[in-house]
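# Close look at the chain arrangement
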2 protein chains.
Amino acid sequence: MRKYKFCFIGAGNVATHFSSELKKCGHEIVQVYSRTKEAAKQLADNLQTSFTTSPESITKNADIYIAALKDSAVDQVLTQVEFGDKLLVHCSGSLPMKILSNNTKNYGVFYPLQTFSKNRKIDFKSIPIFVEASSTDNLQVLEELAHHVSKSVTVLDSEKRKSLHIAAVFACNFANHCYAMAAKYLESKELPFEILRPLIQETASKVQEMHPKEAQTGPAIRFDENIINTHINELKEMPDLQELYNSISKRIFEHHQEKQ
Amino acid sequence: MRKYKFCFIGAGNVATHFSSELKKCGHEIVQVYSRTKEAAKQLADNLQTSFTTSPESITKNADIYIAALKDSAVDQVLTQVEFGDKLLVHCSGSLPMKILSNNTKNYGVFYPLQTFSKNRKIDFKSIPIFVEASSTDNLQVLEELAHHVSKSVTVLDSEKRKSLHIAAVFACNFANHCYAMAAKYLESKELPFEILRPLIQETASKVQEMHPKEAQTGPAIRFDENIINTHINELKEMPDLQELYNSISKRIFEHHQEKQ
């Protein structure tokens, strides 16, 4: 496919992984912008390119501009940049595509549905990518680009993408918080978090084939009051965990009373 | 190692997987007991052995009795059985070992820390097993047995095992509930649960190497109010999900304000 020149606006987790993957696929990253010099320089060094911390100094010399910023910063940063007719893309799950319509007539969305941490390698090819664009031509560019870096590409409108993002917060961030609370509790009892790892892996692996409702186990689904009350009593010294235990146990039981 | 004759008291998820593994390792399962004929017969057929639904008819002809029952049933079923001096073991995370002391002088615990569903195959060798016993002789039998079926064996007392079980409920059952709520929400928006699978897998894979606090991402940790408020507003038609979203987002943010 055609090789493009990219400018990355943002140097966080998504920008780090996406820009590296594009470079690996033969595209050129001509510049990185970040509000903080440290982040801008680190990513630019990785990519062996230049950086800026000033929105006005963002290059005119890119074909595609990728805004990988936190949602609250997108509008504020982009209004300071002249895009002309260039293609401008954001990577947000929840921002509508239309938010870019004041910046250029060519715009779109490239949403990779994954949890990124800077220092963790990830197989980009397995990340589902959701794209949307302001015209069929722009959509073609983004679809082709998405297929270049991933084997799972779907066209999805802003409304559905927002729903997907909400579901992702439950499945990823909230599930991870459950791991974190397990770790916090174990550490208070001088037991290592490591012993839970095979259980966590299998819990996720089960739902690769089963529906999560069908995969559920444990005391709450059986409403085993002996265990539930023992556990709630044990948690009395950690009231935040106790309250979470109580409320999620009730929810699990109620969810399993609902019609399938 | 020595091959034993086992009697399984209980025919649920744990009994199904544990008994099959013992048989595979060359031990003999001489009988299965379950309250319901259907479950007893199904497991006995799998194991090509006999079954009973009456506690009084439980065989005298086993070396080791494995009580894999829900906690609330353990005491009630076991008091109806004559064990003599035979070794009696339960598989519960939360029941103290001592609960068995009225049934025989030789007793112990064999707790496999995993989520079992009957129709899902599992690599037993990778399951961490936690053992405890009433004497050093009994402990030696259980440790040897555990090493026979798993590569991860730890001696753990009842108090610590209970803590571990509580942590496991958070890391497994509660995480799975987050998947289930994601599925419920997606289905209400006519989006398939499948698209979350790579994200769920990676969320679990990350904490195989990282600590969950370090692995966290998403709007709550950044306290991105734009996204959080958009999501809460979107969830207004599903008040149970809205409340869960609100409460866990606050918890994630607060947890990340705590000292490391």
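Sequence order as written defines the numbering, with residues in each chain counted from 1. For naming, the first written chain is A and the first written ligand is 1, with later ones following in the order written. Local features are withheld for residues below a pLDDT of 70 in this predicted model, meaning they are given only at 70 or higher, and side-chain atom pairs are given and counted only at 80 or more; totals for whole chains, interfaces and linings count all residues. The basis for the side-chain values is all heavy atoms of the structure; hydrogens and waters are excluded.

Residues and elements named next belong to chain A. All the domain ranges listed were derived from an automatic or database domain assignment. Splitting chain A by domain gives domain 1 (5-156) and domain 2 (162-257). Here the C-alpha centroids of domain 1 and domain 2 sit 35 Å apart. The contact criterion used is simple: two residues touch if any of their non-hydrogen atoms lie within 4.5 Å. Between domain 1 and domain 2, the residue contacts involve seven residues of the former and five residues of the latter. Here's the idea: put two parts together, see how much 1.4 Å probe accessible area each one loses, and the total over both is what we call buried area. Summed over both sides, the interface of domain 1 with domain 2 buries roughly 520 Å², with 70% coming from carbon and sulfur.

This brings us to the interface of chain A and chain B. Taken together, the contact between chain A and chain B spans 91 residues of the former and 91 residues of the latter. Around 8800 Å² of area is buried between chain A and chain B when both sides are counted, 63% of it from carbon and sulfur atoms. Polar contacts, as used here, are pairs of N or O atoms within 3.5 Å; protein pairs need one atom able to donate a hydrogen and one able to accept it. Residues neighboring in sequence count only if both atoms are side-chain atoms. Across the contact surface, chain A and chain B share 41 residue pairs in polar contact (both at pLDDT 80 or more). The numbering of helices and of strands both runs from the N terminus, where a helix is a DSSP run of H or I of at least 4 residues and a strand a run of E of at least 2. The set of elements that each furnish at least two residues to the side of chain A that touches chain B consists of α3 (71-78), β7 (128-133), α5 (158-188), α6 (197-209), α7 (212-215), α8 (219-222), α9 (225-234) and α10 (239-257) of chain A. At 28 residues, α5 of chain A tops the list of elements feeding residues into the side of chain A that touches chain B.

Structural elements are reduced to axes, namely lines fitted to C-alpha atoms, with helices fitted over the stretch in contact, and the angle between N-to-C directions of any two is expressed from 0 to 180 degrees. Orientation of α6 of chain A relative to helix α5 (residues 158-188) of chain B, taken along the N-to-C sense of each, is 20°, at an axis distance of 9 Å. Relative to α5 of chain B, the element α6 of chain A is oriented roughly parallel. Considering the relative orientation of α6 of chain A and α5 of chain B, their crossing is right-handed. In this structure, α6 of chain A contributes L199, I200, T203, A204 and V207 of chain A to the contact, and α5 of chain B contributes A168, A171, C172, N176 and Y179 of chain B. Residues are grouped as follows: Ala, Val, Leu, Ile, Met, Phe, Trp, Tyr, Cys and Pro are nonpolar; Asp, Glu, Lys and Arg are charged; all remaining types, including Gly, are polar. Per-class residue counts for the contact of α6 of chain A with α5 of chain B are eight nonpolar, two polar and no charged. Working rule for angles: under 35 degrees goes down as roughly parallel, over 145 as roughly antiparallel, 65 to 115 as roughly perpendicular, anything else as oblique. Helix crossings fall into two classes, left-handed where the near helix is turned counterclockwise from the far one by less than a right angle and right-handed where it is turned clockwise.

Turning our eyes to something else, we now look at the packing of aromatic side chains. Residues and elements named next belong to chain B. Here a pair means two rings of Phe, Tyr or Trp (six-membered ring of Trp) with centres within 6.5 Å. Their orientation is stacked below 30 degrees between planes, edge-to-face above 60, and tilted elsewhere. Within this structure, the stated rule accounts for 21 aromatic pairs over all chains. Between Y65 and F83, the aromatic rings sit 5.2 Å apart at their centres with planes inclined by 75°, giving edge-to-face as the arrangement. Taken together, the residues span a long stretch of sequence, with Y65 in strand β4 (residues 64-67) and F83 in the loop between α3 (71-78) and β5 (87-90) at a distance of 18 residues. One exposure class covers both Y65 and F83, and it is buried. For every residue, the accessible area obtained with a 1.4 Å probe (protein chains only) is divided by the maximum for its type, and the residue is called buried under 20%, exposed over 50%, and partly exposed between those limits.

Residues other than glycine seldom take positive phi values, yet Q48 of chain A does so here, at roughly 50°. The topology assignment puts Q48 of chain A in the loop between α2 (37-47) and β3 (50-52).

All names here are of chain B. Across the sheet, which stays open at both edges, the eight strands sit in the order β3-β2-β1-β4-β5-β6-β7-β8 with mixed pairing between neighbours. Pairing within the sheet leaves two strands with one partner each, and these edge strands are β3 (50-52) and β8 (152-155). Each strand axis lies, on average, 25° off the axis of its neighbour in the sheet, ignoring direction. In short, DSSP must find at least two bridges between two strands for them to pair. Pairing of strand β1 (residues 5-9) with β4, which is carried by four bridges, proceeds in the parallel orientation. Looking at β4, one finds that F8 is bridged to I66. In the packing of helix α4 (residues 136-149) onto the sheet, the strands contacted are β1, β4, β5, β6 (107-112), β7 (128-133) and β8, and the crossing angle to β7 comes to about 170°.

Taking the numbering used here, the UniProt-annotated feature "domain: DUF2520" (unreviewed entry) corresponds to residues 127-252 of chain A. Secondary structure across residues 127-252 of chain A divides into 71% helix and 8% strand, with the first and last C-alpha atoms of the span separated by 29 Å. UniProt positions are given in the numbering used here, feature names are shortened, and annotations may be inferred rather than shown by experiment.

Turning our attention to the sheet that holds strand β4 (residues 64-67) of chain A. All names here are of chain A. Taken in spatial order, the eight strands make up an open sheet running β3-β2-β1-β4-β5-β6-β7-β8, and their pairing is mixed. If you trace the sheet from one side to the other, it starts and ends with β3 and β8 (152-155), each paired once. Geometrically, the sheet is characterised by an average inter-axis angle of 25° between neighbouring strands, direction not taken into account. The sheet contact formed by strand β5 (residues 87-90) and strand β6 (residues 107-112) spans three bridges and is parallel. By the bridge assignment for β6, H90 is matched with V109.

Glancing now at α6 of chain A. Of all the positions in α6 of chain A, only R197, L199, I200, E202, T203, A204, S205, K206 and V207 of chain A are classed as buried. On its buried face, α6 of chain A is in contact with α5 and α7 of chain A together with α5 and α6 (197-209) of chain B.

Further remarks concern the pattern of salt bridges. Just to be clear on terms, a salt bridge is a Lys or Arg side-chain nitrogen sitting within 4 Å of an Asp or Glu carboxyl oxygen. If you walk through the whole model with that rule in mind, you get 24 salt bridges over all chains. Close ionic contact of R120 of chain B with E202 of chain A constitutes a salt bridge, the shortest N to O distance being 2.6 Å. In this pair, R120 of chain B is assigned in the loop between β6 and β7 and E202 of chain A in helix α6, connecting two distinct chains. We classify R120 of chain B as buried; its relative accessible area is 14%. E202 of chain A gets classed as buried once you look at its relative accessible area, which sits at 10%.

Below, the discussion takes up the relation of the copies chain A and chain B. Alignment of the copies relies on least squares applied to C-alpha atoms, considering only residues that score at least 70 for pLDDT in both. Overlaying chain A with chain B gives an RMSD of 0.0 Å, the required rotation being 180° about an axis along which the chain moves by 0.0 Å. Accordingly, the operation relating the two chain copies is best matched by a two-fold axis. Minimal C-alpha distance to the rotation axis in chain A is attained by A175 of chain A, lying at 2.2 Å. Most of the interface of chain A is mirrored in chain B, where 100% of its interface residues again form contacts.

All names here are of chain B. Packing of helix α9 (residues 225-234) against helix α10 (residues 239-257) leaves a shortest axis separation of 9 Å and a crossing angle of 160°. As judged from the angle between their axes, α9 and α10 are roughly antiparallel. α10 is crossed by α9, and the crossing has left-handed handedness. Mapping the contact onto sequence places I228, H231 and I232 in α9 and Q242, Y245 and N246 in α10. Its residues placed into classes, the contact of α9 with α10 shows three nonpolar, three polar and no charged.

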